[in-house]
Structure formats: C-alpha cells, structure tokens
Amino acid sequence: MCGIVGYIGKKEAFPIIIKGLQRLEYRGYDSAGVALLNGELQIHKCKGKVQDLLNYTKDKNLHGYIGIGHTRWATHGEPNDVNAHPHVSEVGNLAIIHNGIIENYATLKEELIQRGHTFESDTDTEVFVHLIGEIKEKQNVPLEEAVRMAMQHVVGAYAILVISYDHPRKMVAARKSSPLVVGIGDGEYYLASDATPIVEYTRNVVYLNDEEIACIDLENGLSIKSIENEVRTPFVEELEMNLEMLEKGGYEHFMLKEINEQARSIKDSMRGRLRLEDKEIMLGGIKDYEDKIFNADRILIVACGTSWHAGLVGEYLFEDLARIPVEVEYASEFRYRNPIINKNDVVIAISQSGETADTLAAIRLAKEKGATVLGICNVVGSSIARITDAGAYTHAGPEIGVASTKAFTAQLTILSLMALRAAKQRQTISEERYEFLLKELDRVPEAIEQVMKCEAQVKEIAAVFKDARNFLYLGRGYNFPVALEGALKLKEISYIHAEGYPAAEMKHGPIALIDEEMPIVVLATNQHAYEKIVSNIQEVKARKGKVIAVTSKQDEEISKIADYVIEIPPIADPFTPMVTTVPLQFLSYHIALMRDCNVDQPRNLAKSVTVE
Ligand code: M6R
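From a predicted model like this one, the values you see are computed outputs, not experimental measurements.

Examining helix 1 (residues 13-24)
Between its first and last C-alpha atoms helix 1 spans 16 Å; for twelve residues at 1.5 Å apiece the expected length is 16 Å, and the two agree. Burial within helix 1 is extensive, with nine of its twelve residues counted as buried. Looking at helix 1, one finds that the buried residues are Ala 13, Phe 14, Ile 16, Ile 17, Ile 18, Gly 20, Leu 21, Arg 23 and Leu 24. Contact partners of the buried residues in helix 1: strand 1 (3-8), strand 2 (31-37), helix 2 (50-56), strand 4 (66-72) and strand 10 (189-192).

Some remarks on the domain arrangement of the protein
For the protein, the domain assignment lists domain 1 (3-244), domain 2 (249-442) and domain 3 (451-600). On a C-alpha basis, the centroid separation for the pair domain 2 and domain 3 is 25 Å. Across the boundary between the two partners, domain 2 contributes 35 residues, which contact 27 residues of domain 3. Taken as a group, Met 255, His 309 and Tyr 316 account for 21% of the area that domain 2 buries against domain 3, more than any other trio of residues on that side. Scanning the region where domain 2 abuts domain 3 turns up zero salt bridges. If you look at where domain 2 meets domain 3, you find twelve residue pairs in polar contact (both at pLDDT 80 or more). Elements supplying a minimum of two residues to the side of domain 2 that touches domain 3: helix 6 (254-260), helix 7 (262-270), helix 9 (305-322), helix 13 (406-426) and helix 14 (431-451). Within the side of domain 2 that touches domain 3, the residues separate by chemical class into 19 nonpolar, twelve polar and four charged.

What to know about the site of the ligand
Surrounding the ligand, one finds 14 residues, the nearest of these being Ser 307, Ser 351, Ser 353, Thr 356 and Glu 492. Interatomic distance of 3.0 Å between a side-chain N/O atom of Lys 489 and an oxygen atom of the ligand. When isolated, the ligand has an accessible area of 410 Å², and the protein chains bury 91% of it. Broken down by secondary-structure element, the contributors of at least two residues to the shell around the ligand are helix 9 and helix 16 (480-494).

Overview of unusual backbone geometry
Put simply, His 85 and Pro 86 share a cis peptide bond, and its omega is 5°. As for its position among the elements, Pro 86 is in the loop between strand 4 and strand 5 (87-88).

What counts and how
- Residues numbered from 1 in each chain as written.
- Predicted model: local features only at pLDDT ≥ 70, side-chain atom pairs only at ≥ 80, totals over all residues.
- Heavy atoms only, no water.
- Helix = DSSP H or I, 4+ residues; strand = E, 2+ residues; numbered from the N terminus.
- Expected span 1.5 Å × (residues − 1).
- Buried < 20%, exposed > 50% of the residue type's maximum accessible area, 1.4 Å probe, protein only.
- Contact = heavy atoms within 4.5 Å.
- Domains from an automatic or database assignment.
- Buried area = accessible area lost by both parts, 1.4 Å probe.
- Salt bridge = Lys/Arg side-chain N within 4 Å of Asp/Glu carboxyl O.
- Polar contact = N/O pair within 3.5 Å; in protein donor to acceptor, adjacent residues only side chain to side chain.
- Nonpolar A, V, L, I, M, F, W, Y, C, P; charged D, E, K, R; others polar.
- Near = heavy atom within 4 Å.
- Areas by Shrake-Rupley, 256 points an atom, 1.4 Å probe, with all protein chains shown as cover.

Here is the structure:
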C-alpha cells in the first residue's frame, strides 16, 4: 500500500528518493516524507502527494548521501503531517519508514509508554521504531541486530527501512509479508517496495524473502540474515523491465496508455506459449504441474477485485472447455472460513501485483492443507510468484494506473491458454473445435486493435451519462464477469455507483431501480444466449431505461431497441471477455475524466493492497 524508497551511496540521495517516490505513488498518495543523513538526521514530511513534499522542502537542507523516503496510504491514523513517515525513535537517533500493519501495536505501545516512551503520532510505525531504539540502547547491539530482535516481538506485515544518526554509512531493511527489493549499483544501493524506482540505475536486484533482514554497509556491502539469525547468501537477479514501460509514453494518463497497450500485452502473454504452427500450447512455468491440473478433482481460484473477476471467467473456461469443476473464491473469505481443500484440488491464485495480503494468506492456507498452488501474476519476483508451487507470468508489463486494465486481459489470456490446453489433453472438446479455438485465441490481439476504434464513440456516450448517479451492467455467461468488471471500473475511478449483474437476475431485484434516468450497459455478444439477452434489453426498455448495448454484429434487432450500440469485432464466446471489456474501460475512463476525477490515482485506493 505505501511506497518506500532508500538510497545509500555516493550520489545525492534526495533526487533519487523523490523520483522513486513518484514512481511508487500509485501505491499510496495521502502523505509523503524523507529522512536524510548529513551530519544531522533531517526529517521532512507533510500531508499530500510527493509534489506537495517537493514544494514543502524547497528551502530545506536536502544534502545527504543516505536517505529514505515514503509515500503513504493511511492505515493507523488519519493522513496528516504528524502521521506521515518517517518516524523516529524515543532518543531521536533512528528513523524508520514502513509499509504494512503492525497488528499488536496497541499492546507494544502500552508497554513502551509504561517504560517512559512518549509518542507523537497515531501510527503503528512509530511503535516499531521506538521498540528498535529501546533494544539498541538497552542491549547495546548493532542496528541490524536490534531490528532483528524487535521483529521477534512484532506481529503483522511490514517492509521497513531504518537509518541511524550514529551509523551514517549504514541502512537496515527488513520484510515480512510486504515486498522489498534491493538494487545493487557500483558501490551504491537502491531499496524500494518494487523495482520501478530502481530500474533506471541498475538491473541487478535482490528480492528479500520473508523474515529477512538486510544490512547495507558502505564498507562491507550487502549482508542478509534471517530472523533466526542465519546468514543468507543474497541471490542477485536481473530485471526484465525497462524505463520506457514506466513512462506515460505520450498518453495523458497511465490508464489510457494501459488500455491502448492491450493488443501488445495480450500478444506478449501468448508469445512462445500459443504455437499455432504445431497446434500446441506450452506454458513453461507450469509444465511440471500440468498433470495435476489434468487430473484435478476441482480447481479453486482465489483472488481479489479485478483478478477475482478474471477468476470468474476462468470458471467458465475450465468448466466449459476442460470439464473440470471450478470454484472461485474471494481470497479474503476463503482464508477465514475453514475451507475444504482436498489433495486432488489445484488452487490457482491470480494477482496483478503478486502482493495482495488476502491472496497471499489464502495461498499459505491452501499449501498448509496440501493443495498444489499455481500463480498467475504480473509482477515478476513478487511474493505470490515466489510462494506458489509454480505459475505463469502474464507479461503485461508494469501496470501503474490503479484501475487494472491490461493486467485483467492478460490474466484472461493465461486462463484461456490453460483451459484450452487442459481441454485438449482431457479430450473434452473435439480436435476440430480445439483448432478453431486456438486460431480464435490467436486472433484476439487483432480484435483488440479493432475495438480500440470505438473510443471516440464511447467518449460521446460518456458525455451523455457523466452525471448519472447509478449504472447497471448486465451480461450473461462469459460476459457476466465482464459486467462485474465494468461496474468496478466505473465505481473506482468516477465514484458513480454501479452494479454488475447476470442479465437474467435483473428481474429478481435490480429491475426496481430502472427508470428513464438509469443507464444500463448490456453485453449482448453471446452467440448461444443471444435471444435471451435481446429479451433482457426489451425488459429494460419497457421500463424506459437507457440501454448502451455492446454487440458483435450489425444487428437490426438490437439497433432498433437500444439507445446506443457499440459494435465490437466478433470472436468465439470463450474469448469475448477480452474484447467486450475494452469499451467498458474507455467508458469509465472518459466519464471519470469528464467528472474531473484523478483517473490514475482514485481517492482512497491503492494499487497493491498489502494489508487486510
Ligand atoms: O494485485 P491484485 O491483482 O492482487 O489486486 C487485486 C485488487 O486489489 C485489484 O484488482 C483492485 O480491485 C483494482 N483496483 C481493480 O482495478
């Protein structure tokens, strides 16, 4: 949720930290701060965005070759100057930044108060640094040891960076259930919540594992220990991303860029995996676990938000094509309801960020119960990618806009490949249908290129409905999850209330909402349930609702009854979600823009939800 950046080396730290925070701002943006060591421990922090911090620090002493910076998504304590990070220890010699939640902070705080500590903020983070400071003073141990010992008292999730006035050539980092990456330069080190602030300086990175403490000392370099005090050898990996992927590339917003990237990102997801020439599908990352899928009694899909919607499409795909029963679970519910998991179940965890706390917890539970767990993640090296038994990266490239777009269609691509591969192996579809679907899947990027042309028309529709108070999205079969996703996109970035429904369910309740003010987006592309969806549109029109229909053919019947018709290129039903979702992404984008909403950083949201 929060973004953390650190630099230790021979350059001025402040500009590197600020640039890094701007790259990480998608993670949280309600306050920001830095701590710099320059003979003194300088702390500058304020409410607002990184730009506000820049304005605030204009006349300050910003010199220093070691520093840490933070952009916050508030958990404990409202977003204000005092609660902004960094926080300092009781003596004031240590500064900390933190991403995560300390669950037992209230107890620890009470104990520290009884031992004479006083606190300035309402945050759990301040408690952590007071604890580290107290251990360091009382036990007279090195900083990294004090951090390690403090971690034994702290319950929760965290990635922290700590610097000390007394050790101006040292930085200590630690993580548990929140991500942390160390970039290794030439006699300098970059630390961050993910690799995006690091990639312009070095491609060599070390991803810290859970319960590890990294000590960076300019004399001795990087050393890592576990919470049990075992020495770990740093495993240096090479980053695949490049700087261009992190820029807006001429687009006004990241979201618009990411919508437009989808033909490319879907192609990248398929590259080397869909082999039309030899009619094969090869997902290298899960190859050794394919038999588990082919022989699974059941597939359980766990995810949150948009990734959960992708999971719902996965349910249709695996059941329709491969005839494997599927259950799709909100990770947050799954983890707490003592689920029944059998050893012949395969669990698939879907996550763009690979850091979602609930999804991580669901995976741990499934593993404890003996299930095989596969991951579908976008962020390379993320926690979920690392704790699953195997997985397939979506290869959509960094997704910076908080509202997920290209990651969703890339997740659908992977699920389509997996289901089609299982269908072939299990002989649940004919060879002829398999070949047809393989060709259709290969055609999706081209269909996406065509559907991009609908933007101007969708923008006009957006202008008509930008002031609507409610929206309804209806779809059947493969398009039902798309209706949910369309409604979520609109809610997140335009703050208009929207609901997605299976079209036929409308008459069991939501139909009561329909009047002449109500826009209803109907996904009417289904080949097998076409007449039924036409009837649903009739039912809406009979109540004077305004119908925006998404269809895949020039259709006189729908054109006559719908108020607006957005035509998309036809594609086989199992793959329509990848195409039908595009006009809905544009609709929410343009409505949000017309309502003056911050499209890339909608209020209250954060890109990766690393707390419960
Ligand atoms: O990184 P994840 O895919 O695990 O994230 C799950 C949700 O937090 C995420 O999809 C969220 O709903 C997005 N804001 C949707 O646009």
